[in-house]
Amino acid sequence: MTHLRSRFPTMMLSAAVVTSAALGSTALGPEALAAPTTPDPRTEVLAPDDSPASEQVATGRAADPVRTTGRGPHLDPVLVDGVTAPVYSYADAIRETVWVDLGMDLDRDGRNDRVAADVIRPAEPAALGEQIPSIVNVSPYFTCCGRGNEAQFKTYDSDGVPIGFPLYYDNYFVPRGYAVVLVDDTGSNRSSGCPDTGGEASISAGAAVVDWLNGRAAGFEAPFGGAEVTASWSGGAVGMIGKSADGAAANGAATTGVDGLRTVVPIGGVSSYYPIWNSHGTWSGYPQSSGPPDRLNPRAQVLCAPLTEELEELGGTDGDWNDFWIERDYTLAADQVRASVFAVHGFHDVNVAPSQFGRWWDALAEAGVERKAWLNQAGHVDGFDLDRAEFVATLHRWFDHHLFDVDNGIDTEPMIRIEHAPDEWADEADWPPASTRLHTLWPALGDGTGADSLVTTGPEPAAIRTFVDDPERSRHDRALDPEEQAGDRLVFLGEPLAEETRVSGTASVTVRVRSSTPLARVSAALVDYGPATIRDHAGPGQGIRTLETRSCWGEGTEADSACYLDTETTTTRVDHQIIASAAADVGRFESPRYRVPLRPDRSYSRTFELSTTDHVIPAGHRLALIIAGTDAADTILPGERPEMTLELAGTSVSIPVVQDWATGGGGTEGSRIEERDTGR
């Protein structure tokens, strides 16, 4: 990908723009909401000054291009062994806060919303008027839930100057010539405004900071009013990074195509908000604004209540796909992405389902976006805690290449690093592998004493099975004891596999069912039955354990250590694994935009995708398809418990199988998943 950046004349920016005067406080109105007598720089910087709203600068991302004046030469990085070397002082780095104007007023206080950007950058390039690239992390969790494995928070000195920057990005990259900018998402910590669940405000928080770093948006020395601050030290090249909601902010900003954003690194990041609350139309039961209740600062908790209520109404509680969710589906705007993408995701992530990665990855591929991915068998875990030295080295070279234009060859190396078993990593050219093909399996009747069959020979005509929805049971409950009869599930179990088989990508299920009630849900799960030692992704650390020892990554100060608790892989022994699953509202067989009431005398076909996966099934294991009703792990009770009739002739599962995967030497006996359909 070709990157363009402007060159500007020389000018220097003075350091440390935060003053104690910018940290004043005032009551919000009701006595119960009055500010405490001792100001807390994390929450008390949001009181407006006395200037009228008309005097506030409202430039946002549409700011006048004249702000791009006053630039100096770009920093020529110091390279050792092909990577940027830590030659700048972390202790002497410039630390400052700038409030960036978003050009909107979601908290409706009559003033433009501003996000607080805490900046740390090396002093030496600034003294020479040299411009440097920036690494940006937008998060709502810097003072609510913490970041990283140790739940680190931002900290400030008595004047409100940032001195503690969560995570290792600052410790490691600032000495190498980068600025690190940690941005409080709208309504959190020291930012004004309101979150809007991945909408315009969520996207603008990152995009506006990129614009400010490129001279196109206004920044100020205070949350309200205050003198304007320019980023004349910035060369304009920006990378965004972050885990979970932070990764979503990076993905969203990338879809704006904002000039200067060269790369994003979403770690367990959201790419579409609809599936989080509505899996194929099955509403989870939680309002779309749900999240940690203390992520908003005290001011936003009051001012954002009306917007939150409006957003919940727009999102709905019926599972309908509508314009609200379309706006929040970044995959639909993948063709607008101009940045490269380095994604990190776990195939057992229950916080941000792996399908969030799968759909984003496919959309980026179709749009021709430069991509790289680290894929693993853990849950919601950062690459830093999976394979620390290798991940930091990869991230270092990735940022060097995309932000400093270092020709280090990372763009020609294998696109994928993937974990197939605990700590067994492989480099691969693409994902899914090019030889992956869809294979179709069908359910078939058994002898009636245990599980039915899963076969490759085609559908069985006129056969039916029935079950009764039990919304108190989950896929985890139903995967137990597959040979035993259970009234709320149907188990279709294949024969032992003759050879090791790799499933890679997104499977889909088609069911044909009748329901005794107008509302019905159907769920499906692919299960690998057989003994295995796996990452303990369902355990407390979702596949890792935090140790008492520390290792250091960069430089630190007394207020911000560069040493982080080490981790190790945790494993567990299992007799089965759920490798992909999903649930769907049967009544949305015509359109995801609305539900049709079901008639008991009519059969309905419903096709839906299962969760994205990459899983190696050993020879001798058995693959099963489980069909049931409501999955209690993901959705609320439907209010009724319909009896469901499954027509086997109209039911099948399409599974992405890697054709040239090396066999495990499982012999010649048993079944083999044979190709029925082709395509990726």
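Below or above, wherever it landed, is the structure these notes cover. Quantities reported herein were computed from a predicted structural model and do not represent experimental measurements.

Before going further, it helps to examine the packing of aromatic side chains. Two aromatic rings, taken as a pair, are described by how far apart their centres are and by the angle between their planes. Summed over all chains, the structure comprises 23 aromatic pairs. With 6.2 Å between their ring centres and 20 degrees between their planes, tyrosine 273 and tryptophan 277 make a pair best called stacked. Per residue, the accessibility class of tyrosine 273 equals that of tryptophan 277, and both read buried. Put simply, the rings of Tyr273, Tyr274, Trp277, Trp321, Phe324, Trp325 and Tyr330 pair up and form one aromatic cluster.

This part takes up the side chain of arginine 417. Checked against the element boundaries, arginine 417 lands in strand β17 (residues 416-421). Residue classification places arginine 417 among the buried positions, given a relative accessible area of 16%. Engagement of the side chain of arginine 417 in a polar contact is seen with the side chain of aspartate 427, the distance being 3.5 Å. Residue contacts for arginine 417: discarding those within four places in its chain leaves Ala373, Trp374, Leu375, Asp387, Glu390, Trp425, Ala426 and Asp427.

It is possible for side chains bearing opposite charge to pair when their charged atoms get close. Applying the stated criterion to the full structure yields 38 salt bridges. The closest approach of N and O atoms between aspartate 385 and arginine 388, which form a salt bridge, is 2.7 Å. The buried category is assigned to arginine 388, whose relative accessible area is 9%. We note a salt bridge from arginine 473 to aspartate 488, for which the minimum N-O separation is 3.0 Å. Placement of the pair is arginine 473 in the loop between β21 (464-468) and α11 (475-478) and aspartate 488 in the loop between α11 and β22 (489-493), with a sequence separation of 15 residues. A relative accessible area of 24% places arginine 473 in the partly exposed class. When salt bridges with common partners are traced through the structure, they connect Asp118, Lys154, Asp184 and Arg190 into a single cluster.

What follows is about the state of the cysteines. The final tally for this structure, using the stated rule, is three disulfides. Covalent S-S linkage joins cysteine 144 and cysteine 145, the inter-sulfur distance amounting to 2.4 Å. With a relative accessible area of 11%, cysteine 144 lands in the buried category. A relative accessible area of 33% means that cysteine 145 is categorised as partly exposed. Two residues, cysteine 194 and cysteine 304, share a disulfide whose sulfurs are 2.1 Å apart. Of note, the bridge from cysteine 194 to cysteine 304 carries an S-S torsion of about -95 degrees and is left-handed in sense. With a gap of 110 residues between them, cysteine 194 in the loop between β8 (179-184) and α3 (200-213) and cysteine 304 in the loop between α6 (298-303) and α7 (305-315) connect regions that are remote in the sequence. Once the bonded cysteines of the protein chain are numbered in order along the sequence, the disulfide links fall as 1-2, 3-4, 5-6.

Rules of the game
All residue numbers here refer to positions counted from 1 along the written sequence of the relevant chain. Given that the model is predicted, a residue must reach a pLDDT of at least 70 before its local features are reported, and side-chain atom pairs must reach 80 or more before they are shown or counted; all residues, however, enter totals for whole chains, interfaces and linings. Side-chain metrics rest on all non-hydrogen atoms present in the structure, leaving aside hydrogens and water. The rule is short: rings of Phe, Tyr and Trp, with Trp giving its six-membered ring, pair when the centres are within 6.5 Å, and they are stacked under 30 degrees, edge-to-face over 60, tilted in between. Only protein chains enter the calculation, and the probe is 1.4 Å; a residue is then buried if its accessible area is under 20% of its type maximum, exposed if over 50%, and partly exposed in between. Strands are runs of DSSP state E lasting at least two residues, helices are runs of H or I lasting at least four, and both sets are numbered from the N terminus onward. What qualifies as a polar contact is a pair of N or O atoms within 3.5 Å, subject to a donor-acceptor requirement within protein and to the restriction that residues adjacent in sequence count only when both atoms come from side chains. Between two residues, a contact is recorded if the distance between any of their heavy atoms is within 4.5 Å. Criterion for a salt bridge: a side-chain nitrogen of Lys or Arg within 4 Å of a carboxyl oxygen of Asp or Glu. We call a pair of cysteine sulfur atoms a disulfide when they lie within 2.5 Å.

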